[in-house]
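Single-letter residue listing:
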Amino acid sequence: MSQALHPVLALTGRASFQISSPTLALCPPDTGLEVAFAGRSNAGKSSCINTLARQKQLARASKTPGRTQLINFFTLEEGDQRRLVDLPGYGYARVSHETKDEWQRHLGEYLQGRGSLSGLVLLMDIRHPLTDFDQNMLSWAARRNLAVHCVLTKSDKLNRGPGMNALQAVKKDLKTLGFNASVQLFSSLKVTGLEELADKLGEWLQYPPPEVPGDLTVEAKARQA
Ligand SMILES: Nc1nc2c(ncn2[C@@H]2O[C@H](COP(=O)(O)OP(=O)(O)OP(=O)(O)O)[C@@H](O)[C@H]2O)c(=O)[nH]1
Ligand SMILES: [Mg+2]
C-alpha cells in the first residue's frame, strides 16, 4: 500500500533554483515567506535541501567544505512566494580571514535584515553539535525573535542508542544556554527525519494554506445576493 506524500514534501519536490546572491542587497524581493538553512561548512545543508526536494543536484553538495559561498534561493513552486535558502557554511578553516569576515558580514546582514525570513533551520553534525559558531547563530536569531529548529545531521553515523543520547544532550544544552529551539535527528543518506522536518517547514511557510471555512463562503455569497 502506498503512503500519501506529506503535503510539504509534495511542495518541496517541485522546488527549483531561483538565484544566487552575494549580498543582502542583491537578494530577490523580500516578500512572502522563506526558511533558511544555516550551519557549519560540511554540516549537510545542501544535502538536506536536495533530500527535501528529492533532487540530487538542486543545491550543490560537495566533499570540499566551503562549497556554498553565496546565498542560494530555491522557489517552491512557480509564482509561489515561498522559498528555501541555502546559506554559506561558516567555520571553514582553509579560507582567508578576509573571505571569512566577508561571509560573516553577509550572513549577519541577511539574518538581521530579511523580513520574509520566518524560520531558521540550524544544521549540526550529530558528532559536533553546538559549536561557538552555532551558538552565535542562535544568539542572532534570538535577538530578532526568529524561530530556530536544530537538525542533527548524519545521524546514520551513530547507532540508535547513542543517537538518542546525542539528541537529549543537545536539548539539555540548549536549555542550559538559554535558547528556545526544537531539535531532531536527520540523515540525508538514510532519508530519516524528513517528515518531522517537513512538519516544521509547513508551520513556518503556512503550508498547506488554511482552508476557508465552508460556511463563511456561504455567508459571503448570501451577502452578495
Ligand atoms: N553519512 C552522511 N553523510 C552526509 C549526510 N549529509 C551530507 N553528508 C556528506 O557530508 C558532506 C557535506 O555535505 P553538504 O551537503 O555539501 O554540506 P554543506 O553544509 O552544504 O557544506 P558547505 O556548502 O560547505 O557549507 C558531503 O560529502 C555529503 O555527502 C548524511 O546524512 N549522512
Ligand atoms: Mg552547501
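So, on to the overall build of the protein. Along the backbone of the protein there are 7 helices and 7 strands. Starting at the N terminus, the α and β elements of the protein follow one another as α-β-β-α-β-β-α-β-α-β-α-β-α-α. When the 225 residues of the protein are sorted by exposure, 37% land in the buried category.

Attention now moves to the nonpolar core. Counting residues in hydrophobic clusters, the biggest one holds 53 residues, and the most contacted among them are Phe37, Ile49, Leu122, Val151 and Leu152. Not counting the four nearest positions on each side in its chain, Ile49 is found in contact with Phe37, Leu58, Ala59, Phe74, Leu84 and Asp86.

On to helix 3 (residues 97-113), then. Its 17 residues place the ends of helix 3 24 Å apart at the C-alpha level, agreeing with the 24 Å of an ideal helix rising 1.5 Å per residue. Here helix 3 has its buried residues at Trp103, His106, Leu107, Tyr110 and Leu111. Considered in projection along helix 3, the buried side chains sweep an arc of 130° and stay on one side of the axis. Residues His97, Glu98, Asp101 and Arg105 are exposed on helix 3 and point more than 90 degrees away from its buried face.

You can see Leu70 is positioned in the loop between helix 2 (45-53) and strand 3 (71-75). Sequence spacing of Leu70 and His106 is 36 residues, and the spatial spacing of their C-alpha atoms is 9.2 Å. Residues contacting Leu70, with those up to four places away along its chain left out, are Ser20, Ser21, Pro22 and Pro88.

Here we take up helix 5 (residues 160-177). Because an α-helix packs 3.6 residues into every turn, residues spaced three or four apart end up facing the same way. Over its 18 residues, helix 5 extends 26 Å from the first C-alpha to the last, a length consistent with the 26 Å expected when each residue adds 1.5 Å. Those residues of helix 5 that fall on the buried side of the exposure criterion are Ala166, Val170 and Leu174. One side of helix 5 holds all its buried residues, which, seen down the axis, span an arc of 70°. Exposed and facing more than 90 degrees away from the buried side of helix 5 are Gly161, Asn165, Gln168, Lys172, Lys175 and Thr176. Where helix 5 is buried, its residues meet strand 6 (148-153) and strand 7 (181-185). At the exit of helix 5 stands Gly178, carrying a positive phi of roughly 85°.

Now for the environment of Arg54. With respect to the helices and strands, Arg54 occurs in the loop between helix 2 and strand 3. With 15 C-beta atoms counted inside 10 Å, the residue Arg54 sits in the partly exposed group. Sequence spacing of Arg54 and Leu9 is 45 residues, and the spatial spacing of their C-alpha atoms is 8.8 Å.

This paragraph deals with the pairing of strand 5 (residues 117-125). Each regular strand carries side chains that alternate between the two faces of the sheet. With 6 bridges joining them, strand 2 (residues 33-39) and strand 5 adopt parallel strand pairing. Bridge assignment links Ala36 to a residue of strand 5, and that residue is Leu120. Pairing analysis gives 6 bridges linking strand 5 to strand 6, with the strands arranged parallel. Looking at the pairing, Met124 lines up with Leu152 of strand 6. Taken together, strand 5, helix 4 (residues 132-143) and strand 6 form a β-α-β motif whose crossover is right-handed.

Ordered by their spatial adjacency, 7 strands build an open sheet running 1-3-4-2-5-6-7, and the pairing between neighbours is mixed. One side of each edge strand has no neighbouring strand; the edge strands of this open sheet are strand 1 (16-21) and strand 7. Pairs of neighbouring strands in the sheet enclose a mean axial angle of 25°, with direction left out of account. Relative to strand 4 (residues 82-86), strand 3 runs antiparallel, the two sharing 4 bridges.

Within strand 2, 6 of the 7 residues are buried, which leaves the element mostly enclosed by the surrounding structure. Across 5 bridges, the pairing between strand 2 and strand 4 is parallel. Across the sheet, Phe37 pairs through a bridge with Asp86, a residue of strand 4.

Attention now goes to the environment of Thr131. Locating Thr131 in the fold gives a position in the loop between strand 5 and helix 4. Remark: the alpha-carbon pair of Thr131 and Gly39, spanning 92 residues in sequence, is separated by 9.8 Å. Ignoring anything within four residues of it in the chain, the contact list for Thr131 reads Arg40 and Gly91.

Rules of the game
Residues numbered from 1 in each chain as written. Chains lettered and ligands numbered in written order. Predicted model: local features only at pLDDT ≥ 70, side-chain atom pairs only at ≥ 80, totals over all residues. Helix = DSSP H or I, 4+ residues; strand = E, 2+ residues; numbered from the N terminus. Buried ≥ 20, exposed ≤ 12 C-beta atoms within 10 Å, placed from the backbone. Core = buried A, V, L, I, M, F, W, Y, C linked by C-beta atoms within 7 Å. Contact = placed C-beta atoms within 7 Å. Expected span 1.5 Å × (residues − 1). Arc of directions from axis to C-beta. Pairing = 2+ DSSP bridges. Right-handed = clockwise from strand over helix to strand, strands pointing away. Axes fitted to C-alpha atoms, helices over the stretch in contact; angles between N-to-C directions.

Geometric values such as these leave the question of function open.
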